[in-house]
Amino acid sequence: MDFLVNWISNVPGFAVPFALAALGLILTEKSGVLSLGAEGFMLMGAMAGVGAVILTAQPELALLVAALAAAMVSMIFAVLVVILRVNQVIAGLAMVFLCQGLTSLIATLEGWTSRAIIGLAKLPIPGLADLPVVGRIVFQQDIVVYLTLPIFFAVQWFLTRTETGLKLRAVGENPEAADSAGINVSLYRTGAIAAGAALVGLAGGYLSVAVAKIWVDGMAGGRGWIAIALVIFARWHPWRALFGAVLFGAIEALIPRVAAVGIQVPQYFMLMTPYVATLLVMIWAAMRGNVRLDEPGALGRPHVREERR
Amino acid sequence: MASRADTGVSGPPPAPRQRGGFGRFNLEIRQHVSLLRQTVVLLAGLVIGLAATAIVLIAAGVGLGAIYDEFVVSIFSSSMSVSAVLVQAAPLLVVGLSAVVAFRVRFWNIGIEGQMIFGSIFATFIAIHDVGPESVRLPLMFVAAAIGGMLWIVVPALLKLRLGINEIISTLLLNYVAFNFLLYLLYGPWKDPKSAFPHSEQYEAFERLPLVGWENITWALPIALILAVAIWWLLNVSRFGFYARFVDANPKMAAAVGVPIVMLTLSSALLSGAISGVGGFVVSAGIEGRMTQSFFLGYTFSGILIAFLARSNALIAILVAVFVGVLFVAGQSLQVFYQIPGSMVQLIQAIIVISVAASEFFVRHRVHWVRGAG
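Everything quoted here is computed from the prediction, not taken from an experiment.

**What about the overall build of chain A?**
Reasoning step 1: Scanning chain A for helices and strands turns up 12 helices and 0 strands.
Reasoning step 2: Going from N to C terminus, chain A has its helices and strands arranged as α-α-α-α-α-α-α-α-α-α-α-α.
Reasoning step 3: Since a compact globule built from 309 residues should have a radius of gyration of about 19 Å, the 20 Å found for chain A is in line with a globular shape.
Reasoning step 4: Projected onto its principal axes, the C-alpha coordinates of chain A cover approximately 65 × 45 × 40 Å.

**So, the overall build of chain B**
Reasoning step 1: Of regular secondary structure, chain B possesses 13 helices and 3 strands.
Reasoning step 2: Against the globule reference of 21 Å for 374 residues, chain B gives a C-alpha radius of gyration of 23 Å, in line with a compact fold.
Reasoning step 3: Taken along its principal axes, the extent of the C-alpha atoms in chain B is 80 × 60 × 35 Å.
Reasoning step 4: Per-residue burial for chain B yields a buried fraction of 46% across its 374 residues.
Reasoning step 5: Counting only contacts in chain B whose residues sit at least 6 apart along the sequence, the fraction spanning at least 24 positions is 74%.

**A closer look at helix α1 (residues 2-29) of chain A**
Residue and element names in this part refer to chain A.
Reasoning step 1: Taking 1.5 Å of rise per residue, the 28 residues of α1 would be expected to cover 40 Å, and the 41 Å separating its terminal C-alpha atoms lies within 8% of that figure.
Reasoning step 2: At A15, α1 shows its largest bend, some 35°, and a proline, P17, comes one to four positions later.
Reasoning step 3: The element α1 is extensively covered by neighbouring structure, given that 20 of its 28 residues are classed as buried.

**A word on the confidence of the model for chain B**
Residues and elements named next belong to chain B.
Reasoning step 1: Overall, the predicted model of chain B reaches an average pLDDT of 85, with 93% of residues at or above 70.
Reasoning step 2: The low-confidence segment residues 1-11, where pLDDT is below 50, has 10 contacts with residues more than four positions distant or belonging to other chains.
Reasoning step 3: Scored as a whole, the predicted complex attains pTM 0.89, and scored at its interfaces, ipTM 0.90.

Thresholds applied
Residues numbered from 1 in each chain as written. Chains lettered and ligands numbered in written order. Predicted model: local features only at pLDDT ≥ 70, side-chain atom pairs only at ≥ 80, totals over all residues. Helix = DSSP H or I, 4+ residues; strand = E, 2+ residues; numbered from the N terminus. Rg over C-alpha atoms; globule rule 2.2 N^0.38 Å. Buried ≥ 20, exposed ≤ 12 C-beta atoms within 10 Å, placed from the backbone. Contact = placed C-beta atoms within 7 Å. Expected span 1.5 Å × (residues − 1). Bend = angle between axes of the 7 residues up to and from the residue. pLDDT = per-residue confidence, 0-100.

Written as structure tokens, this is what we have:
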């Protein structure tokens, strides 16, 4: 029982990076922009977050800095795919490698690498935190875990209940029609890239500031790619993405606990599980029917008004 | 509306792009672009990328003179440093060819590193377990490496063809699986007992690619060059290559006239994986003489970069691989003499891809400013 509570109470912390990153990706991809740069934006957020904690000693502020840094670097991506109509796969991959190089370079030159920092503190809810079982699982988390659900509600509401959200989805489904209706396609896509990258950056910042409490090169460890797979699994639906994120959070939270209870599996095989699980989840999603039916109609297709036929 | 049509151009009429009081940009799509113009614009993109690189290096504390010294003078001043570049260029060319083969059929192989790892694991298995007589050990390792790399791409290739699963994500995820398996071997059953470091035992002399007789160039380089010519023949001369170009240009038409698209994609993907596996063999048996835990680092993106800059042409890839080899060698000396982290090389490559990709916009479009029209 104690094992179970211990495990489940750790799930939210591991699930939040997946959840926020997947949500950011959904926001970007709903505008028709294929965002393969997530791993890079996550690293940028993680590095900026640690840097900000070292400079200001304020973890909450550092999370904002993380989101902002990722949004800023995503503007390079926006210029490439929105204005210069570069192939979105090439641009996304280039962003990943640009951010890998840049974060490693900055962190090394500034001396931020492998330096333990004061992390984001837990925020027990007075009165509720002492409840048996539930208290530990639900009410002894940090501020980002508490805010994740409201953020999901807000994005879902924005996408489905506001005119701006409707226009954003129109741009993603059929940019030519949206353009004819007077919607500024470039502006909407740029905004969606920035907002999405901010969420992915927040996920990265959470990873370094709240979970690991340290920066090491490449610490996102493929979570950005897993988030991309989660979006496909969730068929661009925020609540299903949250479900997937919790699933992967549960797997990740389980890894360090398997060895602790004395089950002998070589650790490197345990470390493979998130990636293998991602593959299995993608296979499962593909077997249930054509994923393409649910993806935004213009995903990955640049809008070139002059090429309208 | 000012419309300046090129001679011989019958494109759609230019449309207004931005409305404003002072004027606006007009974009025209170029229908036909001369090879010369393409080359000039892409080289301009390359130069801009290198200039941006110089700015980053200067910001990191390396002087302009030092940049010139490291990237130009010291590279071409001695036969030793030239050979260092060529030694580095050999595996780069191999992974570049792997990317060329895959991209020709629009298969995004982002799993080059995982395939290199499995290529090296298979070759190392032959070396550790002394499979076959000594005289054929190296050819056996070569073949095993190709098979290892091929096996590591079978699953993503089949998943893409059967279930339509995005190969970018599946090949990339398998890199992490391969890496963890490599660590398991190097920290476990295959760890060199004579060393504190996690790497395999050193290969015997006959399990390493021999020197060709000039500086420290090994047979890795001739192998890579032969491979480049073979791939060029396959893609530009043979029927296979003709089919591949057909599918690339118009998949529906190709399917309609009976081009075996599935077989074409599958065999190209498998070939790409096999070549990446050989790339792992070339690093392990040609440079390091054993399997280490980081021999593959950075090769995926370099392979993509080489295929991208070479316009998927196997012969041009030779030149680009040498160019990237210069970056690698200069990056190593920057690391030693200026404490610039090795990730700088990765950053430089990313900047170059971005600037060249961006410059393509000016190959395909004509931009002109229209005054006054509101």
